[in-house]
Amino acid sequence: MNTASAAIKSLRALLATWRGRFIAVFVLVQLLLPLHYYLGRRDPHDERFSWRMFSPMRMTHCTPHVTIDGAPFSLPSEFHEAWIELAERGRFVVVEAMAAKLCREHTGAEVELSLDCTYLDREPRTWGGYDMCRVPML
Amino acid sequence: MAKSKKSRGDRKPAAVKAQDKPVVAKTAAPAKVIVEQPAFWFGFEVSPAKLAVGRVVLFGLLALDALLQIRHAPRYGAGGFNVAQIPLLDSLGPTRTSYGVCELINAYLFTLAAFGVAVRWVLPPAAAIYAWLYFGSQLDSYQHHYLVSMILICACFVPWQRARDAAPAAQQGAPSARDTAPTSRVATWALRLILVELAIMYLWAAISKMNGAWTNGTTLSGQIIGPMRHLVDATVGVPLASKLVILVELSLAALVWQPRFAFIAAPLGLAFHAGILFSGLEIGLFAWLMLAVYLFVIPDRVYIALATRLAGAHKAFGVVAAWFDGALGWVMWLAGIVLGLVFAMLARFEYAGRVGVVLLVVTIAGTVYSIVRAPGARRMTAIGLAHLAAFTLWLATDRAGTVAIDYYRFWGGTSRRLGDLAAAERAYRELDAVAPDEPAGHFQLGRLLLGEGKSDEALAELHEAQRLSPGDARPFTVEARWLAGHGKSAEALAKAKDATYADPNDKDARDLLDSLSRGATPPPQAP
């Protein structure tokens, strides 16, 4: 009980100054933000802000396939190779943004995009494979 | 942390340091209640020598890193596409120009910080620019840049200049002479926060590795190469090394923020990141930056011993510095300012000259402001030298490496692939101007100009590429195809032969020679 009250007293003292409040928010955010990857992130390939350096997921390789109205589309003609590398790492938001751009530039066309991914620790999986102008998320 | 058992570095705050005044909490009671701030944060003290060494190395490295990043600027905004780290920033992300200019500015600001010049003023904008460049685009996929961004935010609150500012007062016999002694202490909650941030990073990094694909060595074996791989294979093997990595990261998470365990955490962390340095991982300056951060983990007694031993040199430095108290200080400032501008003009980074002029104006304004606040010619010398050092770093990084050349080459290549031929031509012309002996610029410009029908200029560029790179078949094959396309079969055949002589292993050159020898249509040029 004494320990708890000492902790509360210490926390109140910390939060009494702007420095203390800054420290509290900073530490809390840094401690909890990585949880987002494990609990709520829809994209398993997106390891940003979670300190997952050199993790097995980093070894994922995906091959993006794009067709516009059924005809194969070459991503390097439209996007910088660094973005294609991110797509090959399976980053959903990047792939979705690519599809959105193609939909804007080819109004009325069917932009079909799929990602064939291979993993180090799980079975291969294909994401997407439908008209992303109608369903803009993987 | 129990207050009763304070570690080295964790002192009782408030009563000692003016900047950590006791907090006066307003309550309903008539008398004001004094609340003591938590010692864990506000009682954290370090040696001024540690702050000084860490400041020089960390910000010096960040200045260099900023310049090395410029080669990647052309990818930003290419094709009008960007996805930010934070959703709403997509349209506010950096472009090629803003990225390059901001990295130049940051290299300048970090150098000033390394020199201890106006640190409180230069760090906040540097941290803001760094954060914008990182959070503005997912093109920066280095997680350690996120870590640096967090460290920089905290670093804005570290009293980097406190020990240094005390020095002149001490020399004048002021009461603060105690602050300049090697054993003096500087209170800094922000440095404690940086160490806690490191611990959090290690903790989550260890958690992310607690799975079969890591512990059985599969993941590490797919990433680690170089001398470290040989060492691991010859000793513990990759599976055990993988488990040891988790153990080391958990240990560092537990120890790195506690000064009383610095004698364990510092060698462990330094060895760990030195190992990463030799592992062949493509992580830029990450290992070096981490080694620099560990300067804040090394026990204070090391710095105190160092400062004590160098007391004589410090005294001599004080004598030399005193020479610049008068007119010589202003001469040094002026020399630094003028030479700095010359160096900025000589640097081959795009916009280096213009950014150099703007920074010069800002520095002069800062100098005027500094004089108005507190005259002191010796400080002018420091400003002049830091200014000169920043532009010397620009020039040295440019001339000793290929950053500027890569920048124009990548800009040209990106523009060409994305169909912006005007931008590609501009980039290759710039490349020819800054590096006339670089064959890639002449070759690509020649190819572009041929496509535009400017055959005379194009052929001149191709001939220059052939002269500069006689072992590269491509300038020969491009010219041979153009000759064949313009009905000059004999010249085309001769040029195709030259291509095979240049590089006998070039398949495209051999196929071209074969088809021209048979009188057939040449195969299309490889992209």
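Predicted, not measured: the structure shown is a model, and the values here were computed from it. (Residues numbered from 1 in each chain as written. Chains lettered and ligands numbered in written order. Predicted model: local features only at pLDDT ≥ 70, side-chain atom pairs only at ≥ 80, totals over all residues.)

Turning next to the overall build of chain B. For chain B, the count of helices and strands is 25 helices and four strands. In chain B, which comprises 527 residues, the share counted as buried stands at 44%. (Helix = DSSP H or I, 4+ residues; strand = E, 2+ residues; numbered from the N terminus. Buried ≥ 20, exposed ≤ 12 C-beta atoms within 10 Å, placed from the backbone.)

Turning our eyes to something else, we now look at the interface of chain B and chain A. Listed as interface residues are 38 residues of chain B and, on the opposing side, 37 residues of chain A. Those elements that provide at least two residues to the side of chain B that touches chain A are β1 (23–25), α5 (143–155), α7 (189–208), α8 (212–215), α9 (218–221) and α19 (403–417) of chain B. Residues of the side of chain B that touches chain A, tallied by class, amount to 19 nonpolar, 14 polar and five charged. (Contact = placed C-beta atoms within 7 Å. Nonpolar A, V, L, I, M, F, W, Y, C, P; charged D, E, K, R; others polar.)

With that out of the way, let us pick up the nonpolar core. All names here are of chain B. Ranked by internal contacts, the top residues of the largest apolar core, which has 166 residues, are Ala107, Phe110, Leu112, Ala113, Ala126 and Trp394. With 14 residues, α7 is the largest single contributor of residues to this core. Leave out the neighbours within four places in its chain, and Trp394 touches Leu67, Ala107, Phe343, Ala344, Ala347, Phe349 and Ala352. (Core = buried A, V, L, I, M, F, W, Y, C linked by C-beta atoms within 7 Å.)

As a further point, take the pairing of strand β1 (residues 61–68) of chain A. Residues and elements named next belong to chain A. Note: β1 against strand β3 (residues 111–118), eight bridges, orientation antiparallel. If you follow Ile68 over to β3, its bridge partner there is Val111. Bridging between β1 and strand β2 (residues 71–72) involves two bridges; their strand directions are antiparallel. Directly across from Thr67, in β2, lies its bridge partner Pro72. Hairpin connection between β1 and β2: a loop of two residues separates the two successive antiparallel strands, and Asp69 in this loop has a positive phi of roughly 50°. (Pairing = 2+ DSSP bridges.)

As a further point, take the sheet that holds β3(A). All names here are of chain A. With antiparallel pairing, four strands are arranged side by side in an open sheet as β2-β1-β3-β4. Single-partner strands in this sheet number two, and they are β2 and β4 (125–131). Sheet contacts for helix α5 (residues 92–105): β1 and β3; angle to β3, the most-contacted strand, approximately 160°. (Axes fitted to C-alpha atoms, helices over the stretch in contact; angles between N-to-C directions.)

All names here are of chain B. Considered domain by domain, chain B is made up of domain 1 (1–43), domain 2 (45–187), domain 3 (191–309), domain 4 (316–384) and domain 5 (403–517). Just the C-alpha atoms count here: the centres of domain 2 and domain 5 sit 42 Å apart. Counting residues at the interface gives 10 residues for domain 2 and seven residues for domain 5. Residues of the side of domain 2 that touches domain 5, tallied by class, amount to six nonpolar, one polar and three charged. (Domains from an automatic or database assignment.)

Further remarks concern the packing of helix α2 (residues 18–32) of chain A against α7(B). Where α2(A) meets α7(B), the axes come as close as 10 Å, and the angle between the chain directions of the two elements is 10°. Viewed along their axes, α2(A) and α7(B) adopt a mutual orientation that is roughly parallel. Residues A:Arg19, A:Ile23, A:Phe26, A:Val27, A:Gln30 and A:Leu31 of α2(A) form the contact with α7(B), whose own contacting residues are B:Trp189, B:Leu193, B:Val196, B:Glu197 and B:Ile200. Tallied by class, the residues present in the contact of α2(A) with α7(B) amount to eight nonpolar, one polar and two charged. (Parallel < 35°, antiparallel > 145°, perpendicular 65-115°, else oblique.)

Turning our attention to helix α15 (residues 311–322) of chain B. Taking 1.5 Å per residue, 12 residues should reach 16 Å; α15(B) reaches 17 Å between its end C-alpha atoms and fits that length. Judged by how many residues are buried, α15(B) sits mostly at the surface: zero of 12 residues are covered. (Expected span 1.5 Å × (residues − 1).)

Here we come to the domain arrangement of chain A. Under the domain assignment used here, chain A contains domain 1 (2–32) and domain 2 (56–131). The C-alpha-based centres of domain 1 of chain A and domain 2 of chain A are spaced at 44 Å.

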